[in-house]
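# Descriptive analysis of the structure
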Amino acid sequence: MSVGTLTACSGGGDYCGELKNYAEAVKNADLKDKASVDKLQGEAKKLSKSAPDDLKDDYKVVLDYIENAKKADGDTGKLTELNKKDGEKMGTASSAIGKHAKDTCKVTVEGS
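Residues numbered from 1 in each chain as written. Predicted model: local features only at pLDDT ≥ 70, side-chain atom pairs only at ≥ 80, totals over all residues. Heavy atoms only, no water.

## Quick word on the packing of aromatic side chains
Under the defined criterion, the tally for this structure stands at two aromatic pairs. Taking 6.4 Å as the distance between ring centres and 90° as the angle between the ring planes, the aromatic pair formed by Tyr15 and Tyr59 counts as edge-to-face. Pair noted here: Tyr15 is in helix 2 (residues 15-27) and Tyr59 is in helix 4 (residues 56-72), with a separation of 44 residues, a long-range link. Residues Tyr15 and Tyr59 agree in their burial class; the two are buried. (Phe/Tyr/Trp six-rings, centres within 6.5 Å; stacked < 30°, edge-to-face > 60°. Helix = DSSP H or I, 4+ residues; strand = E, 2+ residues; numbered from the N terminus. Buried < 20%, exposed > 50% of the residue type's maximum accessible area, 1.4 Å probe, protein only.)

Spelled out as structure tokens, the structure:
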């Protein structure tokens, strides 16, 4: 597994480099703030394209969650419902992304 992951970081697209921008966006994320959600969504989309194959499904979960957070448009009630509905799935995906980030790219993604 580590050989494939290292290849993903050195191949087309700089996954590990882009991961630093994503980590920063996650750290500053406020799901009630449209600009913050847009930035997070943009960074996650970039990463999903260069991510190793074993993380593609995790990025799909993250992107779906962010899209639904965007639709909530800062409404605390809707965000609470989203978290109840998809929070566990989002947590699992974020943990997988965070573990890979730390192990392979030496990048810490907050909350992972």
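Let us keep going from here.
## Some remarks on helix 4
Spanning 17 residues, helix 4 covers 24 Å between terminal C-alpha atoms, matching the ideal 24 Å at 1.5 Å per step. On its buried side, helix 4 packs onto helix 2, helix 3 (34-50) and helix 5 (76-105). Of the residues one or two after helix 4, Asp73 is the one with positive phi, at around 50°. (Expected span 1.5 Å × (residues − 1). Contact = heavy atoms within 4.5 Å.)

## Some words on the nonpolar core
In this structure, Tyr15, Leu19, Tyr22, Tyr59, Val62, Ile97 and Val109 are the most contacted members of the largest nonpolar core, which totals 29 residues. Where this core is concerned, the elements lending two or more residues are helix 2, helix 3, helix 4 and helix 5. Setting aside chain neighbours within four positions, we find Tyr22 in contact with Leu40, Glu43, Ala44, Leu47, Val62, Ile97 and Val109. (Core = buried A, V, L, I, M, F, W, Y, C linked by side-chain atoms within 4.5 Å.)

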